[in-house]
4 protein chains.
Amino acid sequence: MLKTTFNRIPKKLMQAETTPAPHEKLAILAEKYTRVRRQTEALCRPLKTEDYVIQSMEDVSPTKWHLAHTTWFFETFVLAKYDTAYEPLNPDYAYLFNSYYVQAGDRFSRPHRGLLSRPGVDEVYAYRAYVDERMQQFLDAADESLAPEVLDVLEIGLNHEQQHQELLMTDVKHVLSVNPLYPAYDPDTVLPASEPLDMDWADIPEGIVHAGYDGSGFSYDNEGPAHRVFLEPCQLAIRPITNAEYLAFVQDGAYRNPVLWLSEGWATIEREGWKHPLYWKPTDHGWQEFTAAGLRDMDLHAPATHLSYFEADAFVRWAGWRLPTEFEWEHAASGRALDGHYSDERVFHPQISSKYAPAGPYHNLFGSAWEWTSSHYSPYPGYRAAPGALGEYNGKFMYNQFVLRGGSVATPSDHIRATYRNFFPGYARWQFSAIRPAR
Amino acid sequence: MLKTTFNRIPKKLMQAETTPAPHEKLAILAEKYTRVRRQTEALCRPLKTEDYVIQSMEDVSPTKWHLAHTTWFFETFVLAKYDTAYEPLNPDYAYLFNSYYVQAGDRFSRPHRGLLSRPGVDEVYAYRAYVDERMQQFLDAADESLAPEVLDVLEIGLNHEQQHQELLMTDVKHVLSVNPLYPAYDPDTVLPASEPLDMDWADIPEGIVHAGYDGSGFSYDNEGPAHRVFLEPCQLAIRPITNAEYLAFVQDGAYRNPVLWLSEGWATIEREGWKHPLYWKPTDHGWQEFTAAGLRDMDLHAPATHLSYFEADAFVRWAGWRLPTEFEWEHAASGRALDGHYSDERVFHPQISSKYAPAGPYHNLFGSAWEWTSSHYSPYPGYRAAPGALGEYNGKFMYNQFVLRGGSVATPSDHIRATYRNFFPGYARWQFSAIRPAR
Amino acid sequence: MLKTTFNRIPKKLMQAETTPAPHEKLAILAEKYTRVRRQTEALCRPLKTEDYVIQSMEDVSPTKWHLAHTTWFFETFVLAKYDTAYEPLNPDYAYLFNSYYVQAGDRFSRPHRGLLSRPGVDEVYAYRAYVDERMQQFLDAADESLAPEVLDVLEIGLNHEQQHQELLMTDVKHVLSVNPLYPAYDPDTVLPASEPLDMDWADIPEGIVHAGYDGSGFSYDNEGPAHRVFLEPCQLAIRPITNAEYLAFVQDGAYRNPVLWLSEGWATIEREGWKHPLYWKPTDHGWQEFTAAGLRDMDLHAPATHLSYFEADAFVRWAGWRLPTEFEWEHAASGRALDGHYSDERVFHPQISSKYAPAGPYHNLFGSAWEWTSSHYSPYPGYRAAPGALGEYNGKFMYNQFVLRGGSVATPSDHIRATYRNFFPGYARWQFSAIRPAR
Amino acid sequence: MLKTTFNRIPKKLMQAETTPAPHEKLAILAEKYTRVRRQTEALCRPLKTEDYVIQSMEDVSPTKWHLAHTTWFFETFVLAKYDTAYEPLNPDYAYLFNSYYVQAGDRFSRPHRGLLSRPGVDEVYAYRAYVDERMQQFLDAADESLAPEVLDVLEIGLNHEQQHQELLMTDVKHVLSVNPLYPAYDPDTVLPASEPLDMDWADIPEGIVHAGYDGSGFSYDNEGPAHRVFLEPCQLAIRPITNAEYLAFVQDGAYRNPVLWLSEGWATIEREGWKHPLYWKPTDHGWQEFTAAGLRDMDLHAPATHLSYFEADAFVRWAGWRLPTEFEWEHAASGRALDGHYSDERVFHPQISSKYAPAGPYHNLFGSAWEWTSSHYSPYPGYRAAPGALGEYNGKFMYNQFVLRGGSVATPSDHIRATYRNFFPGYARWQFSAIRPAR
């Protein structure tokens, strides 16, 4: 079961809306193109060449694959289609760097991405430079005759690359974590200290609410159509669960007690030998956590992260609570500022802080760490996949996955919305994923 | 991922309600005890001793295991607990015939149930007779001092056995189907002919509807709490999809076209080599289907059954439709007569007929074959698992399963409700499961 | 890797020899036919119908499969070929009961033999009776015009069935052993007590010796051609290793000490969780052993049996000894009486006794338990597979198997020779297999 | 089942012999140390950093692991033991670069060697330089008080590194081969053309021959003790099988014909989908072969190489021949010049040429490609494993492996003898392994 956060197409492909004039939009996207492409490469700056190559588990892709695949997207869906003069740098790359787009041709087997030493890292950067240069020329030459769908595809490509920025960061963290030397992603990282905040709850009243995206900006197709949902009354926690709270669960023997777990969760624990969260490590000097700065003492006030749905679900059952539905979460988040700790800060470690919403009621809804909801990832009423290679896989993953909301320290700040639906299977725990309970 | 339709506890364990007086209820349940226990054994009458032993895949249990496990339930949760004079026939049976009740002690590994030749079939029937006799004595001796929860447990035990009647039938069908001799469950079975009915649609208007059980009879905990849901307007098909319609899908190359399938569905097709529904068989004389009467020519007007969620989902995508949510289905079914083709008829083959609802709009909502909904099996708002061994696993299976509604030819007629939630994982296709599309 | 003791063809198919006159041989074989066929059925007498159905691991075949497969052999290679009037009882049986003879047509998947409830046990016995009757008629009608190869095939078929008698017994023992109830094969079995015999050694001098069969009776093709081998001087133990000796090895921590084991042996221990021999069981009352009479206290003077090659090899390494080569063993056994404990005694439990060779030097070389040699199962110089379905697989198993010599309590007394080569892969331990060290 | 050519210890550890005086031997080994260590690094010169990291299958180790592991050997068994002043560069390396020496401490899981990006390639070279410098100082300071076993261990370490040179080359070839870009190990490689030589046979008469090493130089423990073997008369081919001859076998449908294969061989073909040798590739322009120079047209006169035992065995069966035993091979090779094509030439492609033995009878017995024998890898009579970490695994691999003889283009010319026993499991085909038939 492979991870696929990057399979959404923007709503705009399907419906007419009031948008900026084409030439304005072109200028905006051209600027964004340069920025996003540079950001991706900046994330890789602390890495050694060898780090780019490793696929530490099937869900992970090598860094150089991320770099090439995001480039392949622009080559395949913009240049090859709309730039009649375009010559590919290497025709084999289309095969190597396609991910799952069946309609875009054959693709190299995903679990074997870590077996490819060539093209080398330098060649992958050369590929990026080559495509960036052609894209620059193409965008410079664009005028009013440019087909509007080119702008749409360009916008998707940039959102697609931003999603891969997050995966690249979480994949690199995993690659480094399996090494007994526990190398730091960036030894200069200063981990932020979390603020101790008492647990409290905010009310969500009953009623019909609106869910899904209905604005005029960019959104993915899975965020729509906007529709109505009835909520029964409930309460949502004002902050995520901390390491201290999760530690109490671990120390209560939770990982040895089948009664607390979903049947599949318990099977996973037994098969994989889970005893605690993925990046925790018990040592003679107490609990440590693998971070962007290497192995460090655990901050008990920080949000417990890198948790699977199974762990989130078991924790709230143990505590006598539950997870919120994605609609409860969205309703609580709706209309609030998107401020939070994002990848723009380049501090890849989540924290609890009241900085962005001093008046409350909620802290850290956005940024810092994604929050699991109890909602299976399902289509909204009236959802239909868009035709063509970009759309073919849009609904493909609506099976055995759960929705997460809110973004993380690995999400770019302009890549999140209250309606944004991230999703992962129940066992996945290498993302920055946390728990905000409801009751 | 194991099947577990039999893990529900009745709502009544948790809430006080107006129920029949205890002595009336006792009389009703005592009569039902005799009837249900006999029914189970009647289902086995056509079998040879050897048929009772086989576990043809991990999801299947041997017939003699079903016979013993349902008996173990009464022994463990009624006699051992409330009959102080009770001596078990064989103390090892507690270990052999526990299924997943962790709190009720250790249990024999599920995938190895087919490796046990002993106790033999005769010994298992002796075990049933022994427990039935003790139960009879226990119920005869019961007076007003009987704790009310005994009646509750008895009621669960009978519903539990009725669920196993359905599994026993579908398991036996699977066991016989893997044999190249294609033996008939009952060679005397006369397969019913389905009625040709044109496809049509009935409207479901938008609005807040009530979902879940709120009556005073028996229901499972997963059918509650009753709550409100908002439905967007839609249409529901008046009958399930027929073999003829599904055959068009097969002949259109659906099993070779990844674009139609969920990602996990396509992976399943490739891994398992699926080319058509489980019990279909292409022969030189056209399509045949494995039935209770052995291999027979396919009835094109009959409902397409033994379909997985993957197949149901791909079919409706191909047709331009979708599956209904469980709330749409329940709303359509609410208030309608439960009449249909059930196991009481002892004709284990689904059919489409307008006999039970000549005025429409819906045909075969109940009985004949379960209908897949698009709803992941999730807890209703406010759901909480009941404590103790009976309740421990109640919510355990709310992961990676989809809800089916309406009952089948293998369901007892007094074991179905509009609110009844059956559930299976997406790949499961050995149940009598069908498609009723929405749009 | 599947067991295949039954894949040999007699040497006589390939070379002319002095044999009894055809009509004498016919009479001998006709008598033997009746005897062997009855013997096979006698072995099954203590079984319940359910016991016939189970395949407790991939290497095991259900009892009813053995009964049918040995019958299929005579049907396919004698009746169908040489009896022009023969009509098969059921043409599907050819598919169900072929084992691996590719040239004899398709065959049912071996690991799924335990999924077949039909034909039932009564039908299998009817199949045996049907073929036996036709064979009787065929043999009665035979005169001097009978092709000599028919006698050869008949002789193979009888040896083939005798091999299956041994497998049937060891398979049944395994089937019963995986049941937590530990049912006895025959509760009336009286286990024989072994005689305490001090360990001692007999000399084998250096020199060129003859190996392989060169007599005029029946032998398998893998026993030839007879050839010369040079032996360096060595010593061979006068009796097999006892349970007491093997227990010292177990109690010395051998199953936790990787240094003692072959690399593959250690991997097997870790994967399978081996802690002691297959049928040993530590209890509160000391070590017990699963036997034909059920779980019984271990006889410390009895030969340690049901050992894999891995265990035999690790034991002799621990003891500072080694296993003999098959040529050392054959040379020691050559010319000695074949007397020993065989299946004719119907006491399916090995023992050490000086009864058959009071003067020594060797005890229990023949019968009681097979003895592992250090020899990989390889062809003798000049060996060539015979053509046709009977011969096709003759050399197929000469890979990753080790030779065992001497026969066991499950071997018929007329089915053993000093030159007889049994063989199993290194992990196999459900046979009556023991250790006789050399040094 | 893991590859383990590098687990032998020299015979000299166990027996006194006439050897050079210690100071002479020290001088010889000190010179060899410098030479071998440089050679290893020279093999890596054409590689990109990314190539060092990949583990393309479980049997393969990453290049940087080979570089570090051979260094760890000298650090652990020489410096840490005999140089009291030695400080390890990084104590974690002992864990990361141990291979299977249980007595030398814990070790990192073999199948996960390809998940380690750190230490980086530069750090591994620094590790080599560090150990080389300390070794240089240690050897410079050595005088007559040096314990003789240090020289022995040094000699093993150098032979160990030479074995890894061969594995490093075959592993790199495999790593590059799984890449759809088919990168060349060295694009400047000029592939040598093979000489067309007619097949012919040389006689080996019957008699007792001597086998195993009994000289005074270095040899592995598995080459002894020297002993006597009786050979029946036979003939050995004068040259290995060519691509043309093997192609006839492929084109005769051999990979679709189960009758030709060992049972395990056929199971491997079906499981792995083998259709031809590992590095062959059918193209529109005919057969190509993956070589050190990338994909190239196949030289029909070259020896067919990179064959498994299964393929070698099936080929000779198809041709009506057989493989020689290792004793037949050794007898034929005994007393002949060791000249041939070795890694010293730095042309990593096998060829048939009469250059080294113009008078015959045999060509290419040594160098070019290893030759499979029919001999399972078993201990010679009287063989005993030496004690201690170096020796613990000496006999561990004498299970399910076959002996190969003669060396290859990846073997150093001073690392081969007529008595040298290489060994691999039957499925292994990434070595330079070929067929020389006997009959």
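Along every chain, residues carry numbers that run from 1 in the direction the sequence is written. For this description, chains carry letters from A and ligands carry numbers from 1, given in the order in which they are written. Residue-level local features of this predicted model are given only where pLDDT is at least 70; pairs of side-chain atoms are given and counted only at 80 or more, and the full residue set underlies all totals for whole chains, interfaces and linings. Note that the side-chain values use all heavy atoms of the structure and ignore hydrogens as well as water.

Chemist: Got a sec to walk through the overall build of chain A? Specific residues and values, please.
Modeler: When its secondary structure is counted, chain A shows 9 helices and 11 strands. The globule rule used here is 2.2 Å times the number of residues to the 0.38 power, and the radius of gyration it is set against is calculated over C-alpha atoms. Against the globule reference of 22 Å for 439 residues, chain A gives a C-alpha radius of gyration of 22 Å, in line with a compact fold. If one aligns the C-alpha atoms of chain A with their principal axes, the spans along those axes are about 65 × 55 × 40 Å. Here chain A holds 439 residues, and 63% of them are scored as buried. Looking at chain A alone, contacts between residues at least 24 apart form 81% of all its contacts between residues at least 6 apart. When the accessible area of chain A is evaluated, it comes to approximately 15,500 Å², of which 51% is carbon and sulfur surface. Strands are runs of DSSP state E lasting at least 2 residues, helices are runs of H or I lasting at least 4, and numbering of each runs from the N terminus. Note on exposure labels: buried denotes an accessible area under 20% of the residue type's maximum, exposed denotes more than 50%, and partly exposed covers the range between, all computed with a 1.4 Å probe on protein chains only. The contact definition used throughout considers only heavy atoms, calling two residues in contact when any of these lie within 4.5 Å. Computed with a 1.4 Å probe, the accessible areas rest on the Shrake-Rupley method; for each residue, only the protein chains presented here act as cover.

Chemist: Describe the side chain of K173 of chain A, and please don't skip the residues or the numbers.
Modeler: All names here are of chain A. Of note, K173 is situated in helix 5 (residues 148-177). Only four residue types enter the charge count: Lys and Arg as positive, Asp and Glu as negative, with His and the chain ends excluded. The term salt bridge refers to a side-chain nitrogen of Lys or Arg lying within 4 Å of a carboxyl oxygen of Asp or Glu. At 5.8 Å, E289 is the nearest oppositely charged side chain to K173, a buried residue that forms no salt bridge. Looking at K173, its side chain comes within polar contact range of the main-chain oxygen of F290, at 3.5 Å. Aside from chain neighbours lying at most four places away, what touches K173 is Y279, F290, T291, H306 and F432. Under the rule applied, a polar contact is a pair of N or O atoms within 3.5 Å (in protein, one hydrogen donor and one hydrogen acceptor; residues adjacent in sequence only if both atoms are side-chain atoms).

Chemist: Break down the relation of the copies chain D and chain A for me, with residues and values.
Modeler: Superposing chain D onto chain A requires a rotation of 180° together with a translation of 0.0 Å along the rotation axis, leaving an RMSD of 0.0 Å. A rotation of that kind, with that shift, is consistent with a two-fold axis. Considering only C-alpha atoms, the residue of chain D closest to the rotation axis is E50 of chain D, which sits at 3.0 Å. Same-surface contact between copies: 100% of interface residues of chain D are shared with the interface of chain A. A least-squares superposition brings the copies together, and it is based on the C-alpha atoms of residues with pLDDT no lower than 70 in both.

Chemist: Describe the arrangement of the chains, listing the residues and the values that go with them.
Modeler: Without any contact between them, chain A and chain C keep their closest C-alpha atoms 13 Å apart. Regarding chain B and chain D, which are not in contact, the minimum distance between any of their C-alpha atoms is 13 Å.

Chemist: Break down the confidence of the model for chain A for me, citing the residues and quoting the values.
Modeler: Any region with low pLDDT has predicted coordinates that should not be read closely. All names here are of chain A. Per-chain confidence: chain A averages 91 in pLDDT, with 92% of residues scoring 70 or above. Across residues 1-17 the pLDDT falls below 50, and counting only partners more than four positions away or on other chains, this stretch makes 85 contacts in the model. For this predicted complex, the interface confidence score (ipTM) comes to 0.91, while the overall pTM stands at 0.92. The predictor rates its confidence in each residue with pLDDT, a number between 0 and 100.

Chemist: Outline the sheet that holds strand 5 (residues 280-283) of chain A, listing residues and values.
Modeler: Residues and elements named next belong to chain A. Pairing between strands requires that DSSP locate at least two bridges from one strand to the other. Taken in spatial order, the 3 strands line up as 5-6-7 in an open sheet, and their pairing is antiparallel. In the strand order of this sheet, the two ends are held by strand 5 and strand 7 (294-297), each with one partner. Direction aside, neighbouring strands of the sheet carry axes that sit 35° apart on average. The pairing of strand 6 (residues 286-291) with strand 7 spans 4 bridges and is classified as antiparallel. Along strand 7, the bridge assignment pairs F290 with L295. Where helices are involved, their axes are fitted lines through C-alpha atoms of the stretch in contact, as for all axes, and angles between N-to-C directions lie from 0 to 180°.

Chemist: Explain the interface of chain D and chain A to me, and be specific about the residues and the numbers.
Modeler: Contact residues are listed per partner, giving 31 residues for chain D and 31 residues for chain A. Roughly 2,500 Å² is buried in total at the junction of chain D and chain A, and carbon and sulfur atoms are behind 62% of that figure. Remark: the boundary between chain D and chain A carries 6 salt bridges. Across the pair R118 of chain D and D51 of chain A runs a salt bridge whose closest N-O atoms are separated by 2.6 Å. Taken together, chain D and chain A are joined by 10 residue pairs in polar contact (both at pLDDT 80 or more). Elements with a contribution of two residues or more to the side of chain D that touches chain A: helix 3 (93-97), helix 4 (121-141) and helix 5 (148-177) of chain D. Here the side of chain D that touches chain A gets 3 residues from one element, more than from any other, and that element is helix 4 of chain D. The residue classification treats Ala, Val, Leu, Ile, Met, Phe, Trp, Tyr, Cys and Pro as nonpolar and Asp, Glu, Lys and Arg as charged. All others, Gly included, are polar. Each residue belonging to the side of chain D that touches chain A can be placed in one class, and the counts come to 16 nonpolar, 8 polar and 7 charged. Using a 1.4 Å probe, buried area is obtained as the accessible area two parts lose upon being combined, added over both of them.

Chemist: Summarise the relation of the copies chain B and chain C; cite the residues concerned and give the values.
Modeler: Superposition record for chain B on chain C: RMSD 0.0 Å, screw rotation 180°, translation along axis 0.0 Å. Of the residues that chain B buries at the interface, 100% are likewise interface residues in chain C, meaning the two copies contact each other through the same surface.

Chemist: Let's hear about the pattern of salt bridges: which residues, and what values?
Modeler: Under the defined criterion, the tally for this structure stands at 100 salt bridges over all chains. Of the charged contacts in the structure, one is a salt bridge between E41 of chain B and R128 of chain B, with a shortest N-O distance of 2.6 Å. Of this pair, E41 of chain B sits in helix 1 (residues 22-44) while R128 of chain B sits in helix 4 (residues 121-141), and the two are 87 residues apart along the sequence. Taking the relative accessible area as the measure of exposure, E41 of chain B reaches 24% and is therefore partly exposed. Across the salt bridge formed by R429 of chain C and E311 of chain C, the nearest N and O atoms sit 2.7 Å from each other. Placement of R429 of chain C in the loop between strand 10 (422-424) and strand 11 (433-434) and of E311 of chain C in helix 8 (residues 309-319) is noted, with a sequence separation of 118 residues between them.

Chemist: So what's going on with the domain arrangement of chain A? Residues and values would help.
Modeler: Residue and element names in this part refer to chain A. Here chain A is partitioned into domain 1 (22-177) and domain 2 (188-434). Just so you know, the domain bounds were taken from an automatic or database domain assignment. Look at where the C-alpha atoms of domain 1 and domain 2 centre, and you get two points 27 Å apart. Contact with domain 1, which involves 33 residues of that partner, is made by 28 residues of domain 2. Interface area, domain 1 with domain 2, both sides summed: about 2,600 Å², of which 59% is carbon and sulfur. If you look at where domain 1 meets domain 2, you find 2 salt bridges. Ionic pairing is found between D414 and R35, a salt bridge with its closest N-O pair at 3.3 Å. At the boundary of domain 1 with domain 2, the tally comes to 15 residue pairs in polar contact (both at pLDDT 80 or more). Listed by contribution, the elements that provide at least two residues to the side of domain 1 that touches domain 2 are helix 1 (22-44), helix 2 (63-82) and helix 5. In terms of residue count, the dominant contributor to the side of domain 1 that touches domain 2 is helix 5 (17 residues).

Chemist: Describe helix 6 (residues 243-251) of chain B, listing the residues and the values that go with them.
Modeler: Residues and elements named next belong to chain B. Inspection of helix 6 places N243, Y246, L247, F249 and V250 among the buried residues, and these make up the whole buried set. Looking straight down helix 6, one finds its buried side chains confined to an arc of 155°; they lie on one side. G253 sits one or two positions beyond helix 6 and adopts a positive phi of about 85°. To obtain the arc, one takes the directions from the helix axis to the C-beta atoms.

Chemist: Which residues make up the packing of aromatic side chains, and what are the values?
Modeler: Put simply, two rings from Phe, Tyr or Trp (the six-membered ring, in Trp's case) pair if the centres are within 6.5 Å, and we call them stacked under 30 degrees between planes, edge-to-face over 60, tilted for the rest. As enumerated under the stated definition, the model contains 139 aromatic pairs over all chains in all. Ring centres of F73 of chain B and F74 of chain B lie 6.1 Å apart, and the angle between their planes is 75°; on these two criteria the pair is classed as edge-to-face. Taking relative accessible area as the criterion, F74 of chain B reaches 0% and is therefore assigned buried. The positively charged end of R134 of chain C is found above the aromatic ring belonging to Y130 of chain C, 3.8 Å away from the centroid. One cation-aromatic arrangement involves R429 of chain D over W274 of chain D; the distance from NZ or CZ to the ring centre is 3.7 Å. For a ring to carry a charge above it, either NZ of a lysine or CZ of an arginine must fall within 6 Å of the ring centroid while also lying within 35 degrees of the normal to the ring plane.

Chemist: Describe the packing of helix 1 of chain B against helix 5 (residues 148-177) of chain B, naming the residues involved and giving the relevant values.
Modeler: Residues and elements named next belong to chain B. Taken N-terminus to C-terminus, the directions of helix 1 and helix 5 make an angle of 20°; their axes are 10 Å apart at the nearest point. Here helix 1 lies roughly parallel to helix 5, going by the angle between them. By crossing handedness, the relation of helix 1 to helix 5 is classed as left-handed. For the pair helix 1 and helix 5, the contacting residues are P22, K25, L26, L29, K32, Y33, V36, R37, Q39, T40, L43 and C44 in the first and L151, D152, L154, E155, L158, N159, E161, Q162, Q165, L168 and M169 in the second. The scheme is simple: roughly parallel for angles under 35 degrees, roughly antiparallel for over 145, roughly perpendicular for 65 to 115, oblique for anything else. Left-handed describes a crossing in which the near helix is turned anticlockwise from the far one by less than a right angle; the clockwise case is right-handed.

Chemist: Summarise the pairing of strand 3 (residues 227-231) of chain B; cite the residues concerned and give the values.
Modeler: Residue and element names in this part refer to chain B. Counting buried positions along strand 3 yields 4 of 5 residues, so the element is predominantly enclosed. Across 5 bridges, strand 2 (residues 207-211) lies against strand 3 in antiparallel orientation. From the neighbouring strand, A211 faces strand 3, where its bridge partner is H227.

Chemist: Give a detailed account of the packing of helix 1 of chain B against helix 2 (residues 63-82) of chain B, specifying residues and quantitative values.
Modeler: All names here are of chain B. Put simply, helix 1 and helix 2 touch, their axes get as near as 10 Å, and they point 165° apart. Classified by the angle their axes make, helix 1 and helix 2 are roughly antiparallel. As for the relative orientation of helix 1 and helix 2, their crossing is left-handed in sense. In this structure, helix 1 uses Y33, R37, T40 and C44 to contact helix 2, whose residues at the interface are T63, L67, T70, T71 and F74. Its residues assigned to classes, the contact of helix 1 with helix 2 comprises 4 nonpolar, 4 polar and 1 charged.

Chemist: Tell me about the sheet that holds strand 7 (residues 294-297) of chain B, and name the residues and values.
Modeler: Picture the strands of a sheet paired through backbone hydrogen bonds; they go either parallel or antiparallel. Residue and element names in this part refer to chain B. With respect to topology, 3 strands assemble into an open sheet ordered 5-6-7, the strand pairing being antiparallel. Every interior strand has two partners, whereas the edge strands, strand 5 (280-283) and strand 7, have only one. Along the sheet, successive strands turn relative to each other by an average axial angle of 35°, direction set aside. Pairing between strand 5 and strand 6 (residues 286-291): 4 bridges, direction antiparallel. Residue pairing across strands places P282 opposite W287, the latter belonging to strand 6.

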